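# Fold and contact review
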Amino acid sequence: MPLTNFSPTKALAGLAALAAVFAIQPFTASTAHALCVTGVAYNDVLNMRSRPTSRSPIVGAIRPGRCGVRFVERSGNWMFVRYRGQQGWVNSRFISDRDEGDGGGGGGPIFACVAGVRFNDVLNVRRRPTVNSSIVGVLRPNSCRVRILDYSGNWRRISKGPVVGWVNGRFLDR
């Protein structure tokens, strides 16, 4: 079909408007930052989709409150993420880059997620900030709401439920 009313100026303007709508923008958190699922009912899941639209096929799911979600790219209100070997697009309104318990006031407790621990391993929590100290507990991979209490070099004194002790800070992601 021939283009009878083609206007290069209008075509460029239309492409610019379309590009603005579908622009891939960086998320405010760094790509190494562990994100958390928020605003999803306790008996539901956050669907991961093959494309950034609610009509595309579901390729995975993340349970509410889970952290350790890794941001890859953004398209409008959608984020392409990786989580425990799965990857797909999720609606960004259900992803948070800060712990909800903090309240955002800046003066609240500092929380982190366990990061860089293999899915079939654990992070040892030690009595003192040294690898030779006895183990007083363990944290599972991608555990979040780990409260940071103190610092000593690369070590962080943490609490998570009844467990209080020291972990290597390289395995915590804020």
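The notes below deal with the structure included here. (Residues numbered from 1 in each chain as written. Predicted model: local features only at pLDDT ≥ 70, side-chain atom pairs only at ≥ 80, totals over all residues. Heavy atoms only, no water.)

Estimated volume of the second largest pocket: approximately 230 Å³. Surrounding the second largest pocket, 13 residues form its lining, Arg66, Pro141, Asn142, Ser143 and Cys144 being those nearest its centre. Residue composition of the lining of the second largest pocket, grouped by class: five nonpolar, three polar and five charged. (1 Å grid on protein atoms, 1.4 Å probe; cavity = no way out; pocket = protein on both sides within 12 Å on 5 of 7 lines; lining within 4 Å. Points joined across faces, edges and corners; volume = space filled by probe spheres on them. Nonpolar A, V, L, I, M, F, W, Y, C, P; charged D, E, K, R; others polar.)

Okay, the pairing of strand β5 (residues 78-83) next. With respect to burial, β5 is a largely interior element, five of its six residues being buried. Where strand β4 (residues 67-75) lies against β5, five bridges are found, and the strand directions are antiparallel. Residue pairing for β5: Arg74 is matched across the bridge by Met79. Counted between consecutive antiparallel strands, the loop separating β4 from β5 contains two residues, among which Gly76 sits at a positive phi close to 60°. Connecting β5 to the antiparallel partner strand β6 (residues 86-91) that follows it, the hairpin turn spans two residues, and Arg84 within it adopts a positive phi of roughly 45°. (Buried < 20%, exposed > 50% of the residue type's maximum accessible area, 1.4 Å probe, protein only. Helix = DSSP H or I, 4+ residues; strand = E, 2+ residues; numbered from the N terminus. Pairing = 2+ DSSP bridges.)

Under the criterion given, the structure shown has one aromatic pair. Aromatic side chains Phe80 and Trp89 sit 5.3 Å apart centroid to centroid with 65° between the ring planes, which places their arrangement in the edge-to-face category. Given the relative accessible area of 13%, Phe80 is considered buried. (Phe/Tyr/Trp six-rings, centres within 6.5 Å; stacked < 30°, edge-to-face > 60°.)

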